[in-house]
Protein chains: 2
Amino acid sequence: MNLIFTHHPADALNTIVKEMSPAGIAIITDTNTHKLCAEPLREACPALADAPIITIKAGDTHKDITSLTSVWEQMQAAGLTRKSAVVNVGGGMVTDLGGFAAATFKRGIRFVNAPTTLLSAVDAAVGGKTGINFGGLKNEIGTFRDADAVVISTSWLATLPSSELRSGYAEMLKHGLIDSPEEYRRLIGFDISAADFTGLLPLVERSVLVKKRIVEQDPHEHGLRRALNLGHTAGHAFESMAMRRERPVPHGYAVAWGLVVDLVLSHMLFKFPSDMLRELAAYVRRIYGVMPISCDDYPALLELMSHDKKNATPGAINFTLLEAPGKIKIDCIAEKRDIEAALDIFRDLMGI
Amino acid sequence: MNLIFTHHPADALNTIVKEMSPAGIAIITDTNTHKLCAEPLREACPALADAPIITIKAGDTHKDITSLTSVWEQMQAAGLTRKSAVVNVGGGMVTDLGGFAAATFKRGIRFVNAPTTLLSAVDAAVGGKTGINFGGLKNEIGTFRDADAVVISTSWLATLPSSELRSGYAEMLKHGLIDSPEEYRRLIGFDISAADFTGLLPLVERSVLVKKRIVEQDPHEHGLRRALNLGHTAGHAFESMAMRRERPVPHGYAVAWGLVVDLVLSHMLFKFPSDMLRELAAYVRRIYGVMPISCDDYPALLELMSHDKKNATPGAINFTLLEAPGKIKIDCIAEKRDIEAALDIFRDLMGI
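Quick notes on the rules
Residues numbered from 1 in each chain as written. Chains lettered and ligands numbered in written order. Predicted model: local features only at pLDDT ≥ 70, side-chain atom pairs only at ≥ 80, totals over all residues. Heavy atoms only, no water. Phe/Tyr/Trp six-rings, centres within 6.5 Å; stacked < 30°, edge-to-face > 60°. Helix = DSSP H or I, 4+ residues; strand = E, 2+ residues; numbered from the N terminus. Buried < 20%, exposed > 50% of the residue type's maximum accessible area, 1.4 Å probe, protein only. Lys NZ or Arg CZ within 6 Å of the ring centre and 35° of its normal. 1 Å grid on protein atoms, 1.4 Å probe; cavity = no way out; pocket = protein on both sides within 12 Å on 5 of 7 lines; lining within 4 Å. Points joined across faces, edges and corners; volume = space filled by probe spheres on them. Nonpolar A, V, L, I, M, F, W, Y, C, P; charged D, E, K, R; others polar. Disulfide = S-S within 2.5 Å. Contact = heavy atoms within 4.5 Å. Buried area = accessible area lost by both parts, 1.4 Å probe. Salt bridge = Lys/Arg side-chain N within 4 Å of Asp/Glu carboxyl O. Polar contact = N/O pair within 3.5 Å; in protein donor to acceptor, adjacent residues only side chain to side chain. Axes fitted to C-alpha atoms, helices over the stretch in contact; angles between N-to-C directions. Parallel < 35°, antiparallel > 145°, perpendicular 65-115°, else oblique. Pairing = 2+ DSSP bridges. Least-squares fit on C-alpha atoms with pLDDT ≥ 70 in both.

Colleague: Help me out: how do you make sense of the packing of aromatic side chains in this one?
Modeller: Aromatic ring pairs are described here by two measures, namely the spacing of the ring centres and the angle between the planes. Following the criterion strictly, the structure yields 14 aromatic pairs over all chains and no others. Relative to Y288 of chain B, the ring of Y253 of chain B lies with its centre 5.1 Å away and its plane at 85°, an arrangement referred to as edge-to-face. With Y253 of chain B in helix α10 (residues 251-270) and Y288 of chain B in helix α11 (residues 274-288), this pair connects stretches of sequence that are 35 residues apart. The pair Y253 of chain B / Y288 of chain B is uniform in exposure class, with both members buried. A connected cluster of aromatic rings, assembled from ring pairs, spans F238, Y253, W257, Y288 and F346 of chain A. Over the face of the ring belonging to Y283 of chain A we find R286 of chain A, whose NZ or CZ atom lies 5.7 Å from the ring centre. Here the guanidinium or amino end of R107 of chain B rests over the ring plane of F144 of chain A, the centre of that ring lying 5.9 Å away.

Colleague: What's the story with empty space enclosed by the protein in this structure? I'm lost.
Modeller: Taking a probe equal in size to a water molecule and rolling it over the atoms shows the remaining empty space. All names here are of chain B. Evaluated as defined, the whole model comprises 4 cavities of 30 Å³ or more. In this model, the largest cavity occupies a volume close to 60 Å³. Around the largest cavity, the lining residues are T95, F111, N113, A124, A125, V126, G128, K129, T130, R145, D146 and A147. Listed by contribution, the elements that provide at least two residues to the lining of the largest cavity are β5 (110-115) and β6 (129-134). By residue class, the composition of the lining of the largest cavity is 5 nonpolar, 4 polar and 3 charged.

Colleague: Would you take a moment to explain the state of the cysteines for this structure?
Modeller: Such a bond, covalent and formed between the sulfur atoms of two cysteines, is termed a disulfide. Residues and elements named next belong to chain B. Under the criterion given, the structure shown has 0 disulfides over all chains. Free cysteine: C37, not disulfide-bonded; nearest cysteine sulfur from C45 at 13 Å. Among the residues examined, C37 registers a relative accessible area of 5% and is labelled buried.

Colleague: Help me out: how do you make sense of the interface of chain B and chain A in this one?
Modeller: Taken together, the contacts link 26 residues of chain B with 26 residues of chain A. Summing both sides of the interface, chain B and chain A together bury roughly 2,400 Å²; the carbon and sulfur share of this comes to 53%. Between chain B and chain A we count 2 salt bridges in total. Residue K106 of chain B pairs with E140 of chain A through a salt bridge whose shortest N-O separation is 2.9 Å. Here chain B is connected to chain A by 10 residue pairs in polar contact (both at pLDDT 80 or more). Looking at the side of chain B that touches chain A, the elements with two or more residues in it are α3 (65-77), α4 (92-104), β6 and β7 (137-144) of chain B. Counting residues per element, the side of chain B that touches chain A draws most heavily on β7 of chain B, which supplies 7 residues. When grouped by side-chain class, the residues that make up the side of chain B that touches chain A number 9 nonpolar, 9 polar and 8 charged.

Colleague: Sorry, what's going on with the packing of helix α6 (residues 162-179) of chain B against α11 of chain B here?
Modeller: Residue and element names in this part refer to chain B. Running from N to C, α6 and α11 cross one another at 170°; their axes reach a closest spacing of 11 Å. It follows that α6 is roughly antiparallel to α11 by the angle criterion. Residues R166, S167, Y169, A170, L173 and L177 of α6 pack against L280, Y283, I287 and Y288 of α11. A class-by-class count of the residues in the contact of α6 with α11 yields 8 nonpolar, 1 polar and 1 charged.

Colleague: Whenever I open this one, the sheet that holds strand β8 (residues 149-152) of chain A confuses me. Can you help?
Modeller: Backbone hydrogen bonds hold the strands of a sheet together, and the pairing may be parallel or antiparallel. All names here are of chain A. Pairing within the open sheet is parallel, and its 6 strands lie in the order β1-β8-β5-β4-β2-β3. Each edge of the open sheet is held by one strand with a lone partner, namely β1 (2-5) and β3 (53-56). Geometrically, the sheet is characterised by an average inter-axis angle of 15° between neighbouring strands, direction not taken into account. Summarising the sheet, β1 and β8 pair through 4 bridges and their orientation is parallel.

Colleague: Please explain the relation of the copies chain B and chain A as it appears in this structure.
Modeller: To go from the first copy of the chain to the second, apply a rotation about an axis and then a shift along the same axis. For the pair chain B and chain A, the best superposition has an RMSD of 0.0 Å and corresponds to a rotation of 180° with a translation of 0.0 Å parallel to the axis. Taken together, the rotation angle and the small translation identify this as a two-fold axis. When the interface residues of chain B are mapped onto chain A, 100% of them are again interface residues, pointing to one common binding face.

Okay, structure coming up:
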């Protein structure tokens, strides 16, 4: 895969498309990114001058079979053949759905991802996961298929609200913790609230390469790839609880809080260094704030954690934990009383 | 891939499913094969005792997004997980659609094919092509994904009309011609109209292995795999013309006639031995009869051939030809006057 990090995404994309020399090309985007990203990109790329823009409705609720069918129809109407290609311009919803449309059109044509949010740049562009939601379940239908090229640039990010940036940065913190003490320190030393997009690009590059290394060692999620679940067992529980309260939080915020819970458990079970735990908790509290929970919420949180699809054994709750940054322990089963103790310490660290 | 040829398909399937030990299993079949094949198979397989049967409407017109969506819904309703599997029991329509449903459910679960027609045993079970028709085009949406196991048995075939058997046998003749003089002679020496299913199984096995060898050398159809197009350029033209006349012919009949045309061209351009050509023409005439065409039909046939998706250059007509059985020439461009001459000789050989 051709993976490019650049401050000049239009130039990079133009070169890539010229080299692919596809028999026809189309752009897939959504109503959020159509005017802000897809049209300017087409204007700046001679190789995309004749590309029709296929636009789907923005939002995860539209990552569905109706949008997918409409994209396939428009690919047909654009006269795309087996030798054609598409460029997905947008957040994770567009790269997921557009990637799946391309992976299945005429049994698979080439596609390029141009992720326009920090979360999709860090998380969705590498790993080969494509797909749609179906029957009320997220990513229920899909396939593993790498993009032929990914163009990553922080120059798209200036148009995003700060909560989007913070949300994506939580996945970067996760990658840093999975990778090494050095990587983790580099991230904790960067102030994502200051919006220095030039300084952010090399951090994004390192973060994507951490994920790429892990995915390449375990493309189908049988072992090591579960390291990427760090922060996500508790994180998904926070996210679902916020949804139930009808006060939803961005995915990355929930992951950031989940990372603190997982490091508390890591400290309790594997002696993860307490100074690093305190440091992360302070960073998370400053950037993401807190979600108010009390001990009355523990049963509901435990219940939500036990339904997580990462649990192989019914009833048991499965975590990815760390002995230290870079020292990963997958498939850790934590007891109910340990999780409750960890939530006590989490609330203490976060001042809830 | 686990590829089994057997006179006892239920026993073989039972062993395979027990070894897979899936977390849940379902059978996918169609209204033709539900009662005749799927139910008896489930009764004879203890490992399938609890498998729900997902039934789609029979016929290529139902190999569509509506049937696919319904299969995905029923897979969800059956509680299938990433560790589950499905068994596709039916002809090529069921193995194509069921294979695609499995390849995309939760980003891909395991599946077993039990083809119940000769054509699907020989052609659809190996090669990894899965998919559905879409927007009026055949196999427009799909993916390349091998079944985890294929159970091939001629014991299903007794219930089929003789035209189905003859149709499938044309693909076997094609494989014999692609493979070697010995393989070709073995097939031409077998009387498919006599319905000796025990004697047929080893021929099917050899035929599938020819296709498997070719597909393994060229899984994504970039070169050698086009050898499998032998007989199909003229064959598709005959098939389409019969459709236009509202007197449709089975696919394999059109392929059998197409094989004769291609061998005539092979004789004209590459000195394919004339005795073998005459021998094949006599076999085809006896088993498949003839389709009445006159020289008035040549312009329409040439027009249909030039629209074939195998043509890379607009206007040029692309054939797979042979110097001799086993000596393949792919990407042969034939001139209009050569094709017309070949059709003259074809009519002469077939007594039209």
